[in-house]
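Each chain, written out:
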Amino acid sequence: MVCVCNATYCDTLDPVVLPALGTYVKYESSKAGKRLERSEGSFQRSLHAPDLVLTVDTTQRYQKVKGFGGSVTDAAAMNILSLPETAQDHLLRSYFSEEGLEYNLVRLPMASCDFSLHAYTYDDVPFDYELTHFSLRDEDTKLKASALAMSKQPLSLYASPWTSPTWMKTSESFVGKGTLKGQAGDKYHKTWANYFVRFLDEYAKYNLTFWAVTAENEPSAGLINNYPFQCLGFTAEQQRDFIAQDLGPALANSSHRHIQLIILDDNRLHLPHWAKVVLEDEKAARYIHGIGIHWYLDFIGPIQDTVVPTHELFPDYFILATEACIGAHFWERDVILGCWDRGNQYSHSILTNLNHFVAGWTDWNLALDLEGGPNWVKNYVDSPVIVDTSEGIFYKQPMFYHMGHFSKFIPEGSQRVGLVASKESKKVDLEYTAFLRPDGAVVVVVLNR
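Each residue is numbered by its place in its chain's sequence as written, counting from 1. Predicted model: local features are reported for residues with pLDDT of at least 70 only, side-chain atom pairs are reported and counted for 80 or more only, and whole-chain, interface and lining totals are derived from all residues. Side-chain metrics in this entry use all non-hydrogen atoms of the structure; hydrogen atoms and water are not considered.

### Points about helix α3 (residues 138-149)
Where we set the bar: Relative accessibility under 20% of the residue-type maximum defines a buried residue, over 50% an exposed one, and the middle range a partly exposed one, all with a 1.4 Å probe and only protein chains included. Secondary structure is summarised from DSSP: a helix means a run of H or I of at least four residues, a strand means a run of E of at least two, and numbering begins at the N terminus for each. Contacts: residue pairs with any heavy atoms within 4.5 Å of one another.
Turning to α3, its buried residues are Glu139, Asp140, Leu143, Lys144, Ala145, Ala147 and Leu148. Check the buried side of α3 and you find it contacts α1 (74-81), α2 (85-96), β6 (105-110), β7 (156-161) and α4 (187-204).

This is the structure in C-alpha cells:
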C-alpha cells in the first residue's frame, strides 16, 4: 500500500488537537490500509479490565527528546525539485507541516556523499590552506538551500562531512582507506577544522543556521581497505585529538560557538569504547555535546551492550540516532513499494532506541527515485518517499506513516516516562513507549508486529 501524491492531490492530516479531560485521541495505521486514522474515546472505569493494561507512571522520568526527521542529500533535493512546483510543496508539507509529520530534525551532508551525482568537496584546489577557493556548489545553493527554504517550521539542522578534499588525505582519493595527513594540531587538521567554520559561514548567507555538526560521518569507514565511496578515517583516539586541538577550538573561536558537536556518527557497535576514549579526555570533552549512532550493524551490537553503558557512563551527553535506511545490505532489495514490514522495522528501531535513552531518530534520504537513487556508486536504498519523475508523482510508503507515529506526536522537549504492562502477553509481542509532552499531554505509542 502506498499513497500517491501529485500536483493536485495529496493526503493530509489535521493538526493535533489535545483531547478534553477524561478522553483520548487514537491514531492507527495498519497493513490493511489505515494511515494515521484518527478516532476518539473516553476512559472507562470498567470492572472488566482487558487482558493487558499499560499503566503510565509519570513519576519515572528518563531522557528528553530532541526530535525526528530525515536527510537532505543531493539525491533527495534533486528528486524533490524534479517534481512540478505544487507537488514539491505537497512533499515538503507532508514531512514538515502541521498537516504532515511535523519533522523538526534535518541532517545535511557537508558536500558530497554516495547520494550525489559525483564526488566533490568545497575546496578541491590543492594545498589551499587558507581556503581562499572554498565555495558552496550548485548542489547546495540551488538544491539543498532551495528545498530547506520551503519549510515554514523552525528546523534543527545538522551537518556531517563524508570526506575532506583529497589533497588533505593520505590516500589522495575521495574513496578507499585514508585519514587526514599528519597529526592533530598540524596545518592539515587546522585547515580541515576551519573548513567546518567556512561551511557554516556560507550557509548562514542563505539564512540557514545549524543546530549541530558531527565530527565525521562513519569515521570507521575510512579505515577499511577499498571503501567504495566518500570517507575519511579516524580512530577514536584520532577523533579525540582532532576535536581537542583543532575542531573544538575552531568552532569555539568562531561566530558559531553555540553549535553542538556530535561524536561517533557511526554504528553503535563502537560503543561504549569510542565514547570512553573521546569523553574521558577533558580537553576534548568540553567541546562535545552528544553522540550519534547509525543502525546498520544493530543486529551484532545489542543496545544493552552499547548504548546503555554509554548513557550510564556519560549521562550528560545526549545520544541521537543520526542515520538509518533499509536496502543498504547486499541481501536486501533496494526499493519495495508499499512494503509494510519496512515500516515495522522503522518503528521497532525507534521504539528500541527511545526506550534506551536515545533522544531522537533521523532517517536517511527524505526522497529517492524508483531505483533508490541517484547514487554515483549505485548504492541504492529505500526511502519513505519515492519520486516518479517521469509521471510528476510521489509515493508515501508505510515507512512514512510509521515515522509519523513518533514525529507528529512527540515534540522536542517531551520526556520519556514509565510505562508498565500488567503482564507479559504471550499471544502478541507488543512494543510500546510513553512520553510527557511540554504541553502536559501524555503520548503512548504501541507497535504490534
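### Topic: α1
For α1, a buried count of six out of eight residues is recorded, marking the element as mostly surrounded by other parts of the structure. Buried within α1 are the following residues: Asp74, Ala75, Ala76, Ala77, Asn79 and Ile80. Contacts from the buried residues of α1 go to β5 (67-71), α2, α3, β12 (358-365), β13 (368-369) and β14 (385-388).

### Some points on the state of the cysteines
Condition: Cysteine sulfurs are considered disulfide-paired once they come within 2.5 Å of each other.
Evaluation of the coordinates by the stated rule reveals one disulfide. Residue pairing for cysteine 5: its cysteine sulfur links by disulfide to cysteine 10, the two sulfurs lying 2.2 Å apart. On the sign convention where negative is left-handed, the bridge of cysteine 5 and cysteine 10, at about 65° about the S-S bond, is right-handed. A single burial state applies to cysteine 5 and to cysteine 10, both of which are buried. Cysteine 113 forms no disulfide, and the closest cysteine sulfur to it belongs to cysteine 325, at a distance of 11 Å. Its sulfur unpaired, cysteine 339 is 14 Å from the next cysteine sulfur, which belongs to cysteine 325.

### Some points on the layout of surface pockets
This is how it is decided: Definitions used throughout: a 1 Å grid over protein atoms alone; a cavity as a set of points that fits a 1.4 Å probe which cannot get out; a pocket as an open set with protein on both sides within 12 Å along at least five of seven lines; a lining residue as one with an atom within 4 Å of a point. Grid points are joined across faces, edges and corners, and a volume is the space filled by probe spheres set on the points. Lys, Arg, Asp and Glu make up the charged group, whereas Ala, Val, Leu, Ile, Met, Phe, Trp, Tyr, Cys and Pro make up the nonpolar group; the residues left over, Gly among them, are polar.
Size it by volume and the largest pocket reaches roughly 1,900 Å³. The wall of the largest pocket is formed by 46 residues, among which Tyr24, Val25, Lys26, Val444 and Val446 lie closest to the centre. When contributions to the lining of the largest pocket are tallied by element, the ones reaching two or more residues are β2 (23-28), β4 (54-64), α9 (340-354), α10 (398-407) and β18 (442-448). At seven residues, the largest contribution of residues to the lining of the largest pocket is made by β18. Class assignment for the residues of the lining of the largest pocket results in 28 nonpolar, 14 polar and four charged. Roughly 500 Å³ of volume is contained in the second largest pocket. Lining the second largest pocket are 26 residues, with Glu218, Tyr227, Phe229, Asn267 and Tyr296 positioned closest to its centre.

### A short note on the pattern of salt bridges
Convention followed: Salt bridge, as used here: a side-chain nitrogen of Lys or Arg that lies within 4 Å of a carboxyl oxygen of Asp or Glu.
Under the defined criterion, the tally for this structure stands at 22 salt bridges. Between lysine 190 and aspartate 246 there is a salt bridge, with its nearest N and O atoms 2.6 Å apart. You can see lysine 190 sitting in helix α4 and its partner aspartate 246 sitting in helix α5 (residues 236-252), a full 56 residues away along the chain. Given a relative accessible area of 35%, lysine 190 falls into the partly exposed group. For arginine 240, the salt bridge goes to aspartate 241, with nearest N and O atoms at 2.9 Å. A network of salt bridges, in which partner residues are shared, links Lys26, Glu28 and Lys34.

### Thoughts on the side chain of arginine 437
The criterion, for reference: N or O atoms closer than or at 3.5 Å make up a polar contact, with two conditions inside protein: a donor-capable atom paired with an acceptor-capable one, and, for residues adjacent in sequence, both atoms drawn from side chains.
Within the element layout of this structure, arginine 437 appears in the loop between β17 (430-436) and β18. Note on arginine 437: relative accessible area 13%, which makes it buried. At 3.1 Å, the side chain of arginine 437 and the backbone oxygen of phenylalanine 409 are in polar contact. Excluding residues that lie within four positions of it along the chain, arginine 437 makes contacts with Leu18, Lys408, Phe409, Pro411, Ser414 and Val443.

### Here's the deal with the side chain of serine 71
For serine 71, the position within the fold is in strand β5. Among the residues examined, serine 71 registers a relative accessible area of 0% and is labelled buried. Not counting chain neighbours up to four residues away, the residues in contact with serine 71 comprise Ala76, Arg107, Thr362, Asp363, Trp364, Asn365 and Leu366.

### Observations concerning a nonpolar patch on the surface
Let me state the cut-off plainly: Patches draw on residues past 30% relative accessible area with no salt bridge. Two like charges within 9 Å are joined, as are two nonpolar side chains (Val, Leu, Ile, Met, Phe, Trp, Tyr) within 5 Å. Surface accessibility follows the Shrake-Rupley procedure with a 1.4 Å probe radius. Residue values consider only the protein chains on display as shielding.
Residues Leu269, Phe299, Ile300, Phe330 and Trp331 make up a contiguous nonpolar surface patch of about 640 Å² in total accessible area. With respect to the element layout, tryptophan 331 can be found in the loop between β11 (318-323) and α9. Exposure remark for tryptophan 331: the relative accessible area of 52% places this residue in the exposed category.

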